[in-house]
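# Examining the three-dimensional arrangement
Take a look at the letters that make up each chain.
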Amino acid sequence: MGQIEQPSPALLGRIGLGRELGHRYFVQLGLSGSKTYEQHSGSRMDTVKTIQENVLISSYRDHEGSLVEEYGNVESTVIKRTQMTRNPAQNQLGLYLGIGRYYALGKGLVRLEAGYTHKIWGKLDGKAIDEHQREVNMSQRYRLGSSNWSAGLGYSQALWQKLWLDLGCEYNRSSLLTPVGYSRVSHVLSGQVGLRWMLR
């Protein structure tokens, strides 16, 4: 499946509360929403056969100089290859729990965080291409797994009053399940940029 499916950009938003647990440790609890895309690419081969009846096949003159024409049926085969690219989307809302540690660096903070998101709502939009290179509706073919795991490394810098700029990268593991019982696991490592509002 990895030969025809590639992860694409993702949009992520979180709202919640965080609290320090001790010296530089923290925990976060809240809601997490995401919209992720996948690029499905493949090709489809269509074979069309046609038969033309009573077609002039050949004409010639015999030894007496008379014109002789031969008619018959002609069969032709046309092979058409169509390149297909689709970008189905996964929409998900879940309960987020994160724990991590921060370190002071200059005027900013370096943050290490591991998180777990439990799905409370999910939807698949658009068409995809299955392993047989056929178009299928995502919602009919797959359903979202119940949980996502993530781990991230980031740097936060104060921009203005309580508004902070976040830069970093995150690893995310999510799954899609199919009616026949096997699962597709997606591993994504991505760069991130975001804004954070501090309560104090």
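Predicted model, so just to flag it, every value in this text is computed and none were measured. (Residues numbered from 1 in each chain as written. Predicted model: local features only at pLDDT ≥ 70, side-chain atom pairs only at ≥ 80, totals over all residues. Heavy atoms only, no water.)

### Some details on the overall build of the chain
Helix and strand content of the chain: one helix and eleven strands. Against the compact-globule benchmark of 16 Å for 200 residues, the chain has a radius of gyration of 29 Å, which places it well outside the compact range. In terms of overall dimensions, the chain has C-alpha extents of about 110 × 40 × 20 Å along its principal axes. Taken across its 200 residues, the chain has 25% of its residues classed as buried. (Helix = DSSP H or I, 4+ residues; strand = E, 2+ residues; numbered from the N terminus. Rg over C-alpha atoms; globule rule 2.2 N^0.38 Å. Buried < 20%, exposed > 50% of the residue type's maximum accessible area, 1.4 Å probe, protein only.)

### Comments concerning a nonpolar patch on the surface
Taken together, the side chains of Ile15, Leu29, Leu31, Leu93, Leu95, Leu97, Ile120 and Trp121 make up a nonpolar region of the molecular surface, amounting to roughly 790 Å² of accessible area. Put simply, the parts of the chain that give the nonpolar patch at least two residues each are strand 2 (25-61), strand 4 (89-105) and strand 5 (108-125). Position of Trp121 relative to the elements: it lies in strand 5. (Patch = residues over 30% accessible without salt bridge, like charges linked within 9 Å, V, L, I, M, F, W, Y side chains within 5 Å. Areas by Shrake-Rupley, 256 points an atom, 1.4 Å probe, with all protein chains shown as cover. Salt bridge = Lys/Arg side-chain N within 4 Å of Asp/Glu carboxyl O.)

### What to know about unusual backbone geometry
The phi dihedral of Arg24 is positive, around 70 degrees, even though this residue is not glycine. By the secondary structure assignment, Arg24 is in the loop between strand 1 (5-22) and strand 2. The phi dihedral of Asn54 is positive, around 55 degrees, even though this residue is not glycine. Turning to its location among the elements, Asn54 is positioned in strand 2.

### Here's the deal with the side chain of Asn91
Mapped onto the elements of the fold, Asn91 is located in strand 4. Its relative accessible area of 10% is what places Asn91 among the buried residues. A polar side-chain atom of Asn91 sits 2.7 Å from a polar atom in the side chain of Asp125. For Asn91, the residues in contact, after removing those within four places along its chain, are Ser34, Lys35, Trp121, Gly122, Lys123, Asp125 and Leu144. (Polar contact = N/O pair within 3.5 Å; in protein donor to acceptor, adjacent residues only side chain to side chain. Contact = heavy atoms within 4.5 Å.)

### Side note on the environment of Trp197
One can find Trp197 in strand 11 (residues 183-197). Trp197 sits 32 residues away from Leu165 along the chain, and the two C-alpha atoms are 9.0 Å apart.

### Describing the side chain of Glu170
Within the element layout of this structure, Glu170 appears in strand 10 (residues 163-177). By relative accessible area, which is 11% here, Glu170 ends up buried. If near-sequence neighbours (up to four positions away) are discounted, Glu170 is found in contact with Leu12, Arg14, Ser150, Ala151, Gly152, Val188, Leu189, Ser190 and Gln192.

### Side note on the pattern of salt bridges
What the rule picks out here adds up to four salt bridges. Where Glu113 meets Arg111, a salt bridge forms, and the shortest distance between an N and an O atom there is 3.4 Å. With a relative accessible area of 16%, Arg111 lands in the buried category.

### Quick look at the nonpolar core
Formed by Leu124, Ala128, Val136, Met138, Tyr142, Leu144 and Leu176, the largest nonpolar core amounts to seven residues. Those residues within four positions of Leu124 in sequence are excluded, and the remaining contacts are Ala89, Gln90, Met138, Ser139, Tyr142, Arg143, Leu144 and Leu176. (Core = buried A, V, L, I, M, F, W, Y, C linked by side-chain atoms within 4.5 Å.)

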